[in-house]
Amino acid sequence: MRTETPVSVKLEDYTPYPFEIDSVSLDFSLELEATRVRTKMSVRRVRPGEFVLDGEGLTLNDISIDGTPLQVSDYKIADSKLTIADVPDTFTLETDVTINPKANTALSGLYVSAGRFCSQCEATGFRRITYWPDRPDVMSRFHVRIDADKATYPILLSNGTPGKAGDLPGGRHFAEWDDPHPKPSYLFALCAGDYDVWRDSFTTMNGDHVDLGVYVDKGQADRAEWAMESLKASMKWDEERFGRAYDLGVFNIVAVRDFNFGAMENKGLNIFNSAYVLASPDSATDADFEAIESIVGHEYFHNWTGNRITCRDWFQLCLKEGLTVFRDQEFSSDLRSRPVQRIKDVMRLRARQFAEDGGPLAHPVRPQAYGSIDNLYTATVYEKGAELIRALTVLIGDDAFNKGMQIYFDEYDGTASTIEDFYSCFEKASGQDLSQFRLWYAQAGTPEVTVVEEWDEAKSELTLTLSQKTPPTPKQDTKKPVPIPLRASLLDGKGGHVEAGGWQDGETVIVLDEAEKTVKVNLAKGSARPLLSINREFSAPVRVRRDLDKAGLLKLAAAETDPFNIWDCFQSLAKTEIFRLLDEPQSPPDDALVSAMADAVRLNESDPAFAALLTVLPDVGELFQDREPADPAGLDSARKRLRKAFAEALAGDITRILEQPSPTPFKPSAEQAGTRALRGAMIGLTGALGTPEAASQLKSHFDSASNMTESLACLRSLIPLPGKARDEAIETFYARWKDNPLVIDKWFAVQAGQGTAEDARRLSEHPDFDMSNPNRVRSVAAAFSMTNLAAFHAPDGKGHEVIADIIQRADKLNPALAARLLTSFEQWKKLEPKARASAKTVLERLQEAGLSKNAMDIVSRALD
Ligand SMILES: [Zn+2]
């Protein structure tokens with residue numbers, strides 16, 4: 001049994017590595033259970049210090065310095081480190097190790113998926129391949145040689161550009177790869193196996209030719225077409241928007257079924273979870289096509305923000321991730337609808353990051369310490385990190401931001417950098433001191449901004465009193481004020497803006513950089529009182545508290561000109577109404593509000609993607625951040641009552657919209673996706689009616705659906721409606737798609753996401769449930785525990801039990817996956833007493849269960 005808290009690594013302890021390794025040759029002789037890795041590195045001392053390499057699970061066969069074999073007494077291997085006491089200032093180190101990729105179920109390092117070799121080295125997987133200073137600030141030029149059985153592994157890939165290749169005795173062959181760009185070990189990649197490939201090419205703005213390839217399972221090449229289109233669009237966009245061209249003659253993507261993450265940006269050889277590569281019109285939803293486009297973009301953009309300029313240490317993870325998420329969000333906004341993209345990004349932020357910020361796992365965007373690096377890949381680092389870049393663009397303006405980015409690319413290319421380095425570029429570009437802004441990176445928690453308005457009729461003067469407060473978070477009781485850039489406008493209530501002194505085109509940015517600030521706005525004498533629109537486009541990642549009642553919010557929603565704020569006004573209205581329904585279980589939903597919500601959907605039908613978002617009520621996870629103690633089951637049933645009334649108010653529209661044919665032939669375009677999004681929303685609302693007629697309508701729509709988006713929407717809506725229609729749909733769907741694992745993942749997820757704890761348990765015992773495949777495990781465990789909170793946090797504790805059982809099984813194979821699933825308990829302290837007691841019991845049981853270091857890091861922080 002192991003119950004100790006993992007030792008934490010601290011930012012303040014950073015010291016540079018004492019040696020530089022200018023180049024390294026890696027020679028792989030691939031065998032499933034005994035792969036030989038021979039490593040030859042040129043080492044040069046640059047400062048005093050010991051020569052220490054990382055290594056985990058390696059069998060050392062030979063080690064030599066400058067050709068002389070070392071004796072066992074010359075080095076020490078302990079705690080996953082190899083230390084050589086006396087080394088010359090310049091030398092060549094050669095090691096020869098054996099590893100067992102087939103036994104690697106953690107999917108970190110070199111492993112086997114579907115009989116093929118693949119690798120994942122971020123953050124610390126490379127030490128499971130060979131002895132190496134496995135830290136991002138040691139950058140080296142990699143030369144790789146791979147040999148393997150030719151019939152089984154006809155394709156051998158690594159980073160950079162291909163060199164020599166040829167046949168070897170015994171049916172083997174080899175291939176060499178050279179990467180001219182120095183890189184840290186976490187960007188190393190190797191793939192070997194038999195694939196089909198979708199090929200294309202791209203000519204950069206510098207006129208350089210790039211060969212592109214997307215490697216997928218045999219027989220699935222045509223399902224890679226969309227990923228390829230997305231890749232070309234990304235390459236073009238980064239040239240046009242940031243002036244960044246690709247820098248190698250080859251860019252490859254390999255799709256892998258067993259993968260812990262979405263995708264990995266290895267230099268020149270991105271490795272993707274197949275869920276984010278493969279798509280065909282019949283088997284993929286619009287959300288899949290959109291995710292592929294965004295993730296292909298994200299990984300490609302890392303070539304500059306992450307690869308060419310990398311992180312000095314893992315505390316700087318947001319430097320590459322927050323910035324690159326910002327870049328992929330901008331890419332999607334430019335390709336699709338900017339307001340719709342913004343709303344979706346904020347929905348994700350509020351659901352995941354605000355929840356994280358409000359619980360025991362809260363941490364700053366740049367933490368000061370961590371227990372397990374794998375657990376640092378959080379919504380805070382990614383999503384809030386991206387919001388901070390966006391807030392910076394609002395604070396200093398687009399011109400200074402773009403100038404700062406070019407300074408960053410010019411001055412830091414080829415380096416391992418820090419947040420301070422990055423911000424120094426924007427200080428140069430803007431002439432502003434950004435030290436207070438950097439507090440955003442050091443303080444956890446979501447700031448709350450309170451806005452109080454006072455109108456002086458006689459003077460035609462509006463006084464705004466703005467204040468900020470960030471709630472305490474673990475180990476941070478008090479917070480300093482941060483600069484909060486709030487886009488603001490004054491609305492005339494007739495669809496226009498009121499001109500105020502100094503506000504350009506009716507808009508300004510108010511920077512709230514103190515605990516409290518007063519802003520006076522003088523209008524023309526005799527002006528009517530304007531309506532304040534604030535935090536437009538969600539310019540800062542804060543919660544805004546305003547003294548507006550229902551009538552005031554409805555009036556504001558009608559006057560708003562910012563689509564984000566229109567949507568957000570209705571979110572606030574729906575939230576307040578759900579809380580009222582929870583407190584007054586006998587009272588019906590407010591008719592006036594429901595018809596205003598329905599009118600808003602109708603009014604925006606010409607922008608169907610936006611109209612679809614107006615039908616989405618805040619989900620239980622978001623609602624329960626505002627209710628302590630939170631009763632997820634009660635919130636869920638109050639939410640369902642409002643949703644049913646909403647569906648009844650739109651009944652005629654639902655029929656009218658669904659009677660129109662779905663667009664054909666299918667295209668994954670933003671325009672068609674928008675139309676299907678609204679149709680999908682209507683399917684969802686049909687389910688909310690909950691009647692037998694609704695179930696049979698959904699079933700007939702399911703039977704005739706011509707695309708996965710609508711087919712899956714019908715199935716999702718049918719799940720909570722027990723009966724023949726539902727059971728048949730579940731069966732038909734399974735029978736049709738049982739050979740397509742990505743679609744069967746969805747089949748598991750819709751059931752776990754809508755069902756009970758018993759359903760989740762039944763699904764986890766299904767013959768197709770596979771503990772070794774992260775996508776499949778998540779399709780049950782994450783769908784249940786992260787999207788179905790009423791069932792997961794049910795007071796009888798059964799939801800907690802089933803997830804704890806899956807976590808314990810997963811942890812034995814894949815600690816990173818288990819740790820990720822454990823974060824579903826992050827809000828347990830907010831729960832009503834029964835669920836809270838059950839969560840505590842389960843967490844304490846897990847704490848005693850001898851879990852991995854990754855899992856223990858989360859459990860101990862959650863219980864702290
Ligand atoms: Zn990334």
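Residues numbered from 1 in each chain as written. Predicted model: local features only at pLDDT ≥ 70, side-chain atom pairs only at ≥ 80, totals over all residues. Heavy atoms only, no water.

### With respect to helix 11 (residues 591-603)
Next, step 1: Given a rise of 1.5 Å per residue, 13 residues ought to cover 18 Å, and the 18 Å separating the end C-alpha atoms of helix 11 matches this to within 8%.
Next, step 2: For helix 11, the complete set of buried residues consists of Leu593, Val594, Ala596, Met597, Ala598, Ala600 and Val601.
Next, step 3: The secondary structure elements touched by the buried residues of helix 11 are helix 9 (550-559), helix 10 (563-583), helix 12 (608-614), helix 14 (632-649) and helix 16 (670-689).
Next, step 4: With a side-chain oxygen positioned 3.0 Å from the backbone nitrogen of alanine 592, the residue opening helix 11 is aspartate 590. (Helix = DSSP H or I, 4+ residues; strand = E, 2+ residues; numbered from the N terminus. Expected span 1.5 Å × (residues − 1). Buried < 20%, exposed > 50% of the residue type's maximum accessible area, 1.4 Å probe, protein only. Contact = heavy atoms within 4.5 Å. Polar contact = N/O pair within 3.5 Å; in protein donor to acceptor, adjacent residues only side chain to side chain.)

### A look at the sheet that holds strand 2 (residues 19-29)
Strands pair in a sheet through their backbones, by hydrogen bonds, and they do so in one of two ways: parallel or antiparallel.
Next, step 1: Overall, mixed pairing links the eight strands, which are arranged 6-5-9-3-2-12-15-14 in an open sheet. With one partner strand each, in any of the chains shown, strand 6 (68-69) and strand 14 (161-168) form the two edges of the open sheet.
Next, step 2: In the sheet, strand 2 pairs with strand 3 (residues 35-45) via 10 bridges, with the strands oriented antiparallel. If you follow valine 24 over to strand 3, its bridge partner there is methionine 41. (Pairing = 2+ DSSP bridges.)

### What about unusual backbone geometry?
Peptide bonds are trans in most cases, and residues, glycine excluded, mostly fall at negative phi.
Next, step 1: Of note, the bond from glutamate 122 into alanine 123 is cis; its omega dihedral lies within 30 degrees of zero at 0°.
Next, step 2: Along the chain, the position of alanine 123 falls in the loop between strand 11 (116-120) and strand 12 (140-149).
Next, step 3: Residue proline 665 follows threonine 664 across a cis peptide bond; omega there is -15°.
Next, step 4: Along the chain, proline 665 falls in the loop between helix 15 (651-659) and helix 16.
Next, step 5: Positive phi outside glycine occurs at serine 460, with the angle close to 50°.
Next, step 6: Here serine 460 is to be found in the loop between strand 25 (448-456) and strand 26 (461-469).
Next, step 7: Residue classification places serine 460 among the buried positions, given a relative accessible area of 0%.
Next, step 8: Even without being a glycine, phenylalanine 538 presents a positive backbone phi close to 55°.
Next, step 9: Mapping phenylalanine 538 onto the fold places it in the loop between strand 30 (531-534) and strand 31 (543-546).
Next, step 10: Judged by its relative accessible area of 1%, phenylalanine 538 is buried.

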